[in-house]
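Here is how the chains run, residue by residue.
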Amino acid sequence: MAGTSPAMTWVRTKAMIEHIPELVNSDENLVRRGRFLSTTFLMEIGDQGYLVKIIEGRIVSITPGPFVTPNYSFALRAPKDEWEMFWKKVPEPGHNDIFALFKRGKLVIEGDLHPFMANLLYIKDVLAAPRKEAKGERSDAVNGAKR
Amino acid sequence: MSPRFEPITGRYLNMTLLDRPHRLYVEEAGRGIPLLCLHTAGSDGRQYRGLLNDRRVTDNYRVIVFDMPWHGKSSPPEGYQNEEYKLTSRDYVRMILEISAALELDKPVVMGCSIGGRIVLYLAHQHAKQFRAIIGLETAAHVAPYYDVNWLHRGDVHGGEVSAGVVSGLVAPTAPDNHRWETLWHYLQSGPGVFKGDLHFYKVDGDIRDKIDQIDGRTTPLYLLTGEYDYSCTSEGTLDVAKRTGAQATIMKGLGHFPMSEDPPKFIGYLLPMLEKIRNA
């Protein structure tokens, strides 16, 4: 992010996160895939936590911390720069999936993993939703990119 | 208009495999040098549909793809309900040799992806002379577990959905949507516990790190192709095998863990020069 201050990127990252409910809820197929999921999970971007509340596949709220006795089923924690790389329109190798982040030891998941694993395709698409609005290709853009 | 059949023949092969009667589904197309293809864990031979349908390949190669027992249209052996499926390196090597013999293949080229890309290292180590050349796709000597595979087979999680969920990120983000979702469909359809049983080989039994230095990738040519987006078998893992065996390795841009299935044209572009070299050797 050359030429962009850390404060600026935070503003942009926060805006992306706040926009996730609209991106998910307007995607009928995604909501249908998650229709049996109602849960709240914690997403930590660096030190900043967000509680993501889902009811029947719709995101009803994303609440930023700090929290007093937060209640959630599972937590996903990764440094801010890892999330930013993950949310690129065409992420670089190693940054394209939360399992890639696990494997590199950059993302920690903990708590009750049942809702996460039982709805994995859905959750992965919820987490990747900001890519829909992200700009820019990879620096060494791959030909024929089409999503 | 005449029916639009693909130039692929699919048949059921009856044979004794690992000392038990089996009914295996085998597809083939083309003529020339036999090219025996091995699919990934928890999937089936449909992954090679692009190759089977590409005349640039089938003009010179007889492409043969079998569904492993428990996978695709191959049934598990009789009595499967009373056992837990767990693939081992010993059984997997025997399976390939026995099927190759049953099909009466004369010095085929063998090409496998992921678990198939691992087992070809065992073939290169123990049985290299039986093959004209060996091609490993997404090959690494070992992959340490990075999630709990018990999630893949339990009553309260849909096995197909979670298997597809686990592997979805291994498809490159640049793969065309139709091929991405075809690739995932094979996982969505997989039998209960089959992907997990294959991963027993991939993550536990099939650790070949201590034998890599004994493989000579030049006597029987060993080629390695790995997609840059594969975080399971990484580029580093492949390049390490290449360095220690003398294999020729290529890292494929814009491809992930399922190159032949997630973007067949792009993959075939990388494969053709190798097939050409093998043919002219």
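Because the structure is predicted, anything quoted here is derived from the model rather than measured.

Chemist: How would you summarise the nonpolar core if you had to cite specific residues and measurements?
Modeler: Counting 103 residues, the largest nonpolar core has Trp83, Phe99 and Phe116 of chain A together with Tyr92 and Val166 of chain B as its most contacted members. Top element by residues in this core is helix α4 (residues 115-126) of chain B. It accounts for seven residues. Ignoring anything within four residues of it in the chain, the contact list for Phe116 of chain A reads Phe74, Leu76, Ile98, Phe99, Phe102, Ile109 and Ile123 of chain A.

Chemist: Summarise the sheet that holds strand β3 (residues 58-64) of chain A; cite the residues concerned and give the values.
Modeler: Residue and element names in this part refer to chain A. Spatially, five strands are ordered β3-β2-β1-β4-β5 in an open sheet, and the strand pairing comes out mixed. The open sheet has two edge strands, β3 and β5 (108-111), and neither has a second partner. Within the sheet, the average angular offset between the axes of one strand and its neighbour, ignoring direction, is 20 degrees. Both strand β1 (residues 39-45) and strand β4 (residues 74-78) contribute to a ladder of four bridges, which runs parallel. Across the sheet, residue Leu42 finds its bridge partner in β4, namely Ala75.

Chemist: I'd love a proper account of the confidence of the model for chain A, names of residues and values included.
Modeler: Put simply, chain A has an average pLDDT of 91, and 89% of its residues get 70 or more. Counted against residues more than four places away or in other chains, residues 141-147 of chain A, with its pLDDT under 50, gives 15 contacts.

Chemist: Help me get a handle on the side chain of His186 of chain B, residues and values and all.
Modeler: Residues and elements named next belong to chain B. Counting through the fold element by element, His186 comes out in helix α6 (residues 177-188). Of the residues examined, His186 reaches a relative accessible area of 1% and is grouped as buried. Side-chain polar atoms of His186 contact the side chain of Glu182, separated by 2.7 Å. Residue contacts for His186: discarding those within four places in its chain leaves Gly42, Ser43, Asp44, Arg46, Gln47, Arg49 and Ser261.

Chemist: Could you give an account of the interface of chain B and chain A, with specific residues and numbers?
Modeler: In this complex, chain B contributes 31 residues to the contact, which on the side of chain A involves 26 residues. Across the chain B to chain A interface the summed buried area is about 2300 Å²; carbon plus sulfur atoms make up 64%. Broken down residue by residue, the surface that chain B buries against chain A is led by Trp151, Tyr229 and Tyr231 of chain B, which jointly contribute 25%. At the junction of chain B and chain A, the tally comes to zero salt bridges. The interface formed by chain B and chain A holds eight residue pairs in polar contact (both at pLDDT 80 or more) in total. Where the side of chain B that touches chain A is concerned, the elements lending two or more residues are α5 (159-167) and α6 of chain B. Looking at the side of chain B that touches chain A residue by residue, the class counts come to 16 nonpolar, seven polar and eight charged.

Chemist: Could you give an account of the packing of helix α7 (residues 120-127) of chain A against α5 of chain B, naming the residues involved and the relevant values?
Modeler: Running from N to C, α7 of chain A and α5 of chain B cross one another at 35 degrees; their axes reach a closest spacing of 8 Å. From α7 of chain A, Leu120, Leu121 and Lys124 of chain A reach across to α5 of chain B, where they touch Glu161, Val162, Ala164, Gly165 and Val166 of chain B. Of the residues assigned to the contact of α7 of chain A with α5 of chain B, the class counts are five nonpolar, one polar and two charged.

Reading the values: rules and limits
Residues numbered from 1 in each chain as written. Chains lettered and ligands numbered in written order. Predicted model: local features only at pLDDT ≥ 70, side-chain atom pairs only at ≥ 80, totals over all residues. Heavy atoms only, no water. Core = buried A, V, L, I, M, F, W, Y, C linked by side-chain atoms within 4.5 Å. Buried < 20%, exposed > 50% of the residue type's maximum accessible area, 1.4 Å probe, protein only. Helix = DSSP H or I, 4+ residues; strand = E, 2+ residues; numbered from the N terminus. Contact = heavy atoms within 4.5 Å. Pairing = 2+ DSSP bridges. Axes fitted to C-alpha atoms, helices over the stretch in contact; angles between N-to-C directions. pLDDT = per-residue confidence, 0-100. Polar contact = N/O pair within 3.5 Å; in protein donor to acceptor, adjacent residues only side chain to side chain. Buried area = accessible area lost by both parts, 1.4 Å probe. Salt bridge = Lys/Arg side-chain N within 4 Å of Asp/Glu carboxyl O. Nonpolar A, V, L, I, M, F, W, Y, C, P; charged D, E, K, R; others polar.

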